[in-house]
Amino acid sequence: MNSKLTAEGIMGAAMRMSAELSGGEFPISVFPHKIQRIITELHASQGYPIDYIAAAMLSALAVSIGNSHLAQVKRGWVESPILYMALIGRP
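Quantities reported herein were computed from a predicted structural model and do not represent experimental measurements.

1. A short note on the overall build of the protein chain
Part 1: Across its full length, the protein chain holds three helices and two strands.
Part 2: Traced from its N-terminal end to its C-terminal end, the protein chain shows the element sequence α-α-α-β-β.
Part 3: Expressed as a percentage of the 91 residues in the protein chain, the buried residues total 15%.
Part 4: Partitioning the contacts of the protein chain with sequence separation of at least 6, the portion at a separation of at least 24 is 34%.

Below, the structure written as structure tokens:
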């Protein structure tokens, strides 16, 4: 196993540990490290809830992908990345 230490890898690990320690329920580890960084920095600087930011990111990604890519779940079953989002909570 050949593993190299990179700045991005270290930052990603630190962000995952921070999310685990803070008890954050939204799994931001599914995002690439750069998007994780945007989410955590917005949370730290503006105080926005992590789950609101991550949900907005998912919506933006679904809109940007549109119908340009499809996933074939099984033969005859094709899905597009359509995402219906409703954020309900304190403003």
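2. Considerations on a nonpolar patch on the surface
Part 1: Side chains of Leu58, Leu61, Ile65, Leu83, Met85 and Leu87 sit close together on the surface and give an oily, nonpolar patch of about 460 Å² of accessible area.
Part 2: Note on Leu87: relative accessible area 48%, which makes it partly exposed.

3. Some details on the pattern of salt bridges
Part 1: On inspection of all chains with the given rule, the structure shows one salt bridge.
Part 2: Salt-bridge contacts for Glu41 lead to Arg37; the nearest nitrogen and oxygen are separated by 2.9 Å. Residue Glu41 and its partner Arg37 are located together in helix H2 (residues 33–46), separated by four residues, close to a single helical turn.
Part 3: Of the residues examined, Glu41 reaches a relative accessible area of 42% and is grouped as partly exposed.
Part 4: Given the relative accessible area of 45%, Arg37 is considered partly exposed.

4. Re the confidence of the model for the protein chain
Part 1: The pLDDT averaged across the protein chain works out to 82; a share of 87% of its residues lies at or above 70.
Part 2: Between the elements of the protein chain, mean pLDDT differs from a low of 72, seen in helix H1 (residues 7–22), to a high of 91, seen in H2.

5. A look at the environment of Pro81
Part 1: Counting through the fold element by element, Pro81 comes out in the segment after strand E2 (77–79).
Part 2: Spatially, the C-alpha atom of Pro81 lies 9.7 Å from that of Ser64, the residues being 17 residues apart in sequence.

6. Notes on the nonpolar core
A general trend in soluble globular proteins is that nonpolar side chains are found buried together.
Part 1: In terms of nonpolar packing, the biggest core is built from eight residues, these being Ile28, Phe31, Ile35, Ile39, Ile50, Ile53, Ala54 and Met57.
Part 2: Contributions of two or more residues to this core are made by H2 and helix H3 (50–65).
Part 3: For Ile53, the contacting residues outside a window of four places in its chain are Ile39, Leu42, His43 and Tyr48.

7. Some thoughts on H2
Part 1: The end-to-end C-alpha separation of H2 is 20 Å, in line with the 20 Å expected for 14 residues at 1.5 Å each.
Part 2: Taken residue by residue, H2 has Ile35, Gln36 and Ile39 as its buried positions. Here the buried residues of H2 occupy an arc of 110 degrees about the axis, which is enough to place them on one side. Exposed side of H2, more than 90 degrees from the buried face: Lys34, Ala44 and Ser45 are the residues found there.
Part 3: Two residues or fewer past H2, Gly47 is found with a positive phi of approximately 80 degrees.

The rules behind these values
- Residues numbered from 1 in each chain as written.
- Predicted model: local features only at pLDDT ≥ 70, side-chain atom pairs only at ≥ 80, totals over all residues.
- Heavy atoms only, no water.
- Helix = DSSP H or I, 4+ residues; strand = E, 2+ residues; numbered from the N terminus.
- Buried < 20%, exposed > 50% of the residue type's maximum accessible area, 1.4 Å probe, protein only.
- Contact = heavy atoms within 4.5 Å.
- Patch = residues over 30% accessible without salt bridge, like charges linked within 9 Å, V, L, I, M, F, W, Y side chains within 5 Å.
- Areas by Shrake-Rupley, 256 points an atom, 1.4 Å probe, with all protein chains shown as cover.
- Salt bridge = Lys/Arg side-chain N within 4 Å of Asp/Glu carboxyl O.
- pLDDT = per-residue confidence, 0-100.
- Core = buried A, V, L, I, M, F, W, Y, C linked by side-chain atoms within 4.5 Å.
- Expected span 1.5 Å × (residues − 1).
- Arc of directions from axis to C-beta.

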